[in-house]
Structure formats: structure tokens, C-alpha cells
Protein chains: 2
Amino acid sequence: MQKQYNNRIEVVLEVIGGKWKAHILYHLTRGPTRTGELKRLVTGITQKMLTEQLKELEQDGLVVRKVYNQVPPKVEYTLTEYGQSLKEVLKVLCDWGGDYIKFRYPNGEVTVRNGNEEL
Amino acid sequence: MQKQYNNRIEVVLEVIGGKWKAHILYHLTRGPTRTGELKRLVTGITQKMLTEQLKELEQDGLVVRKVYNQVPPKVEYTLTEYGQSLKEVLKVLCDWGGDYIKFRYPNGEVTVRNGNEEL
DNA sequence: TTCTATAGGTACTTTTTCGTGCCTATGTTA
DNA sequence: TAACATAGGCACGAAAAAGTACCTATAGAA
């Protein structure tokens with residue numbers, strides 16, 4: 001069956017949408033990262049969601065999974081070259097999100113953990 | 001209960017995420033639009049999803065609903081001034097989405113309806 | 001009188017996404 | 001020998017998002 005999107009934004013949202021992907025990708029923009037480190041960095045994510053999302057990102061050609069043949073296992077995830085092009089996108093999203101919070105909740109009624117993470 | 005986001009991207013995704021909002025917003029960037037027109041423009045959306053999503057966008061301060069006291073009813077939706085700031089975001093998303101499709105499916109195995117919509 | 005156009009509401013079902021709990025493998029270290 | 005560290009799999013259930021079907025209101029036109 002031939003897939004057909006309704007518009008180009010649907011495409012991006014399929015790739016970076018959902019509860020976790022953007023946050024995972026954000027950390028990967030800082031360089032290759034091991035599974036356990038990601039688990040620590042992405043606040044609140046479970047093992048299952050992490051590997052699941054990483055697998056999808058890999059299938060989408062944005063992330064590379066590198067396995068070191070060691071015990072205990074060591075696996076490292078890296079942005080592909082094309083994946084790097086997401087940095088710009090993530091930055092725009094981040095900026096708008098930050099501004100929006102200030103606009104809507106000028107008195108800090110709503111906060112953002114890691115609101116200081118730079119992109 | 002105090003809401004707390006994990007990161008700033010979560011904020012944007014809550015506002016423009018989901019299956020329809022981005023597409024609705026895209027059309028609103030072109031100016032005030034009546035309900036029925038939106039229903040026609042946003043391919044495949046149902047009445048229910050349309051009004052539901054518009055209501056949320058209104059609550060989020062991005063869209064204004066203007067009711068004309070007529071029969072049959074006339075309702076017009078417009079981007080708020082702050083909502084205008086989304087144009088830039090939508091453009092970046094659109095561009096990346098378009099490029100990505102070319103990157104992943106260079107032979108047009110996957111297409112985008114309205115892929116020519118400009119932002 | 002009946003039908004049309006317009007915008008919206010509600011109950012219910014289906015689909016998608018996310019979370020929990022528990023299991024595997026293996027070399028090293030205590 | 002037993003525990004540990006690391007990465008991941010799977011079954012199941014809960015929750016969120018989306019879709020379906022059907023209902024309301026009203027002035028004017030046929």
C-alpha cells in the first residue's frame with residue numbers, strides 16, 4: 001500500500017513527534033551517546049520507550065546504532081549526517097516553545113525542566 | 001496541580017502537534033477563514049476534529065473565533081498576533097518535511113498531497 | 001410546508017501511543 | 001559462588017487520540 005501524506009508538516013511530525021523523540025534527538029545533537037546515558041538524560045523515559053524510539057529513528061535514517069562487541073554490552077547512538085539537519089529544526093521549536101511559555105505564563109505558573117538546555 | 005514540561009519542545013508539540021493542528025494553522029496563516037472553508041481545505045478532516053482542534057487553539061491563545069450574528073451562522077477563525085509567530089515555525093517544519101521526503105524517497109514512492117502549498 | 005445551508009454538540013467505538021512488570025545474556029568482580 | 005552492570009525483548013493493560021453516526025437550531029428559498 002502506497003503511503004500518502006496530506007502535507008509536509010505531517011512528515012516531520014511523524015519523525016520527531018510523540019512524547020520522546022525530540023528530547024532524544026536533542027541530546028544526540030551533542031554527540032554520540034550510550035544507551036544508559038540517554039536513559040539518564042531523557043528525564044522520565046523508560047528502557048522500553050527509549051529503545052523503541054531509537055529503533056524508529058534508525059529506520060528513518062536519522063540515527064546510527066553502533067554496537068561494540070564487549071561485555072557488558074556497549075551501544076552508542078549517533079546522528080547520521082542527514083540527522084544533523086534536524087538541529088536547526090529543533091532549535092526553532094525550542095525557541096518558540098520557550099517564548100510561548102513566557103507569553104502564556106509570564107509569572108512562572110508553568111515551568112520547563114531543563115528549560116536552560118541550549119541548542 | 002502545577003504543570004511541568006520536560007523540555008521546551010514538548011511545549012510546541014502540545015500546541016501544534018497531533019494529526020490536524022499544523023495543517024489548520026497553515027491555512028489560517030493565509031488570513032481569516034470560515035469553518036466550512038477550513039473543512040474543505042484541510043483534506044480529510046471531520047467536523048468534530050476541526051471544531052475540537054480549533055477550540056484548543058483558541059484556548060492556547062493562537063486563534064480567535066469570531067461569530068457573526070446571522071442565519072445561517074457564519075464563524076470566522078483568525079490567527080492572533082502571537083499566533084502569527086508560528087508562520088516561521090511552520091515554514092521550517094514544512095521545508096524540512098519536503099526535503100526529507102526527497103531524501104528518503106527520491107523516486108517518488110511516497111508523495112505529499114498539497115506538497116506544493118507555499119508558506 | 002419542506003428543504004437547504006451553516007456551525008456545532010454528544011455518545012460511542014476504534015486505533016494509536018505509552019507504561020509496567022518481568023525475563024534473557026555474559027564476562028567481571030567481590 | 002553470587003551479585004553486578006549493560007542492553008534489550010515481550011506480554012499485557014491503561015490512557016490518549018481520532019473516527020463514526022446521529023442530533024440540534026433557524027431564516028430564507030423553493
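In this text the structure is predicted, and so the values were computed from the model without any measurement.

Draft legend 1. Broad picture of the relation of the copies chain A and chain B. With an RMSD of 0.0 Å, chain A superimposes on chain B once it is rotated by 180 degrees and translated 0.0 Å along the axis. In the structure described here, the two chain copies are related by an operation that fits a two-fold rotation axis. Both copies share a contact surface, since 100% of the interface residues of chain A are interface residues in chain B too.

Draft legend 2. Representation of the sheet that holds strand E4 (residues 74–79) of chain B. Residue and element names in this part refer to chain B. Overall, antiparallel pairing links the three strands, which are arranged E2-E4-E3 in an open sheet. The sheet terminates laterally at strand E2 (33–34) and strand E3 (63–68), the two strands that pair on one side only. Here E2 pairs with E4 via two bridges, running antiparallel. Looking at the pairing, Thr33 lines up with Tyr77 of E4.

Draft legend 3. Main features of the nonpolar core. Counting residues in hydrophobic clusters, the biggest one holds 70 residues, and the most contacted among them are Ile24(A), Leu62(A), Trp96(A), Ile24(B), Leu62(B) and Trp96(B). Sequence-distant contacts of Trp96(B), defined by excluding residues within four places in its chain, comprise Val12(A), Val15(A), Leu62(A), Tyr82(A), Ser85(A), Leu86(A) and Val89(A).

Draft legend 4. Summary view of the protein's contact with DNA strand C. Close to DNA strand C lie 18 residues, the nearest being Lys19(A), Lys48(A), Val71(A), Arg65(B) and Pro73(B). Within 4 Å of the protein, the contacting atoms of DNA strand C are 70% sugar and phosphate, with bases supplying the remainder. A distance of 3.1 Å separates a phosphate oxygen of DNA strand C from a polar atom in the side chain of Trp20(A). In the model, a base oxygen of DNA strand C is placed 2.3 Å from a nitrogen or oxygen of the Lys48(A) side chain.

Draft legend 5. A look at the protein's contact with DNA strand D. For DNA strand D, the set of nearby residues contains 18 residues, the closest of which are Arg65(A), Pro73(A), Lys19(B), Lys48(B) and Val71(B). Protein-adjacent atoms of DNA strand D, using a 4 Å cutoff, are sugar or phosphate at a proportion of 72%. One nitrogen or oxygen atom from the side chain of Lys55(A) is found 3.3 Å from a phosphate oxygen belonging to DNA strand D. Contacts to DNA strand D include Pro73(A), whose backbone N or O atom sits 3.0 Å from a sugar or linking oxygen.

Draft legend 6. Structural view of the packing of helix H6 (residues 86–104) of chain A against helix H1 (residues 8–16) of chain B. For the pair H6(A) and H1(B), interaxial distance at closest approach is 7 Å and the crossing angle is 80 degrees. Comparing their axes, H1(B) and H6(A) come out roughly perpendicular. Contact residues: Leu90(A), Leu93(A), Cys94(A), Trp96(A), Gly97(A), Gly98(A), Tyr100(A) and Ile101(A) in H6(A); Arg8(B), Ile9(B), Val11(B), Val12(B) and Val15(B) in H1(B).

Draft legend 7. Geometry of H1(B). Residue and element names in this part refer to chain B. In terms of residue burial, H1 counts as a mostly covered element, since seven of its nine residues are buried. For H1, every residue scored as buried is listed here: Arg8, Ile9, Val11, Val12, Leu13, Val15 and Ile16. The N-terminus of H1 is capped by Asn7, whose side-chain oxygen sits 3.0 Å from the backbone nitrogen of Ile9. Looking one or two residues past H1, Gly18 carries a phi angle of roughly 85 degrees, positive in sign.

Draft legend 8. The sheet that holds strand E4 (residues 74–79) of chain A, seen in detail. Residues and elements named next belong to chain A. With antiparallel pairing, the three strands of this open sheet are ordered in space as E2-E4-E3. Edge positions in the sheet fall to strand E2 (33–34) and strand E3 (63–68), since each has one partner strand and no second. With respect to the sheet, helix H2 (residues 21–28) is in contact with E2, E3 and E4, its orientation differing from that of E4 by roughly 95 degrees.

Draft legend 9. Quick look at unusual backbone geometry. Of the consecutive residues Val71(A) and Pro72(A), the connecting peptide bond is found in the cis state with omega at -5 degrees. Mapped onto the fold, Pro72(A) is located in the loop between E3 and E4.

Draft legend 10. Region of interest: the pattern of salt bridges. Considering all chains together, one arrives at six salt bridges over all chains under this definition. With a closest N to O distance of 3.8 Å, Glu52(A) and Lys48(A) form a salt bridge. Separated by four residues within a single helix, Glu52(A) and Lys48(A) lie in helix H4 (residues 47–59), roughly one turn from each other. Across the pair Glu56(B) and Lys21(B) runs a salt bridge, and its minimum N-O distance is 2.6 Å. Remark: Lys21(B) occurs in helix H2 (residues 21–28) and Glu56(B) occurs in helix H4 (residues 47–59); sequence separation between them is 35 residues.

About the thresholds
Residues numbered from 1 in each chain as written. Chains lettered and ligands numbered in written order. Predicted model: local features only at pLDDT ≥ 70, side-chain atom pairs only at ≥ 80, totals over all residues. Heavy atoms only, no water. Least-squares fit on C-alpha atoms with pLDDT ≥ 70 in both. Contact = heavy atoms within 4.5 Å. Pairing = 2+ DSSP bridges. Helix = DSSP H or I, 4+ residues; strand = E, 2+ residues; numbered from the N terminus. Core = buried A, V, L, I, M, F, W, Y, C linked by side-chain atoms within 4.5 Å. Buried < 20%, exposed > 50% of the residue type's maximum accessible area, 1.4 Å probe, protein only. Near = heavy atom within 4 Å. Polar contact = N/O pair within 3.5 Å; in protein donor to acceptor, adjacent residues only side chain to side chain. Axes fitted to C-alpha atoms, helices over the stretch in contact; angles between N-to-C directions. Parallel < 35°, antiparallel > 145°, perpendicular 65-115°, else oblique. Salt bridge = Lys/Arg side-chain N within 4 Å of Asp/Glu carboxyl O.

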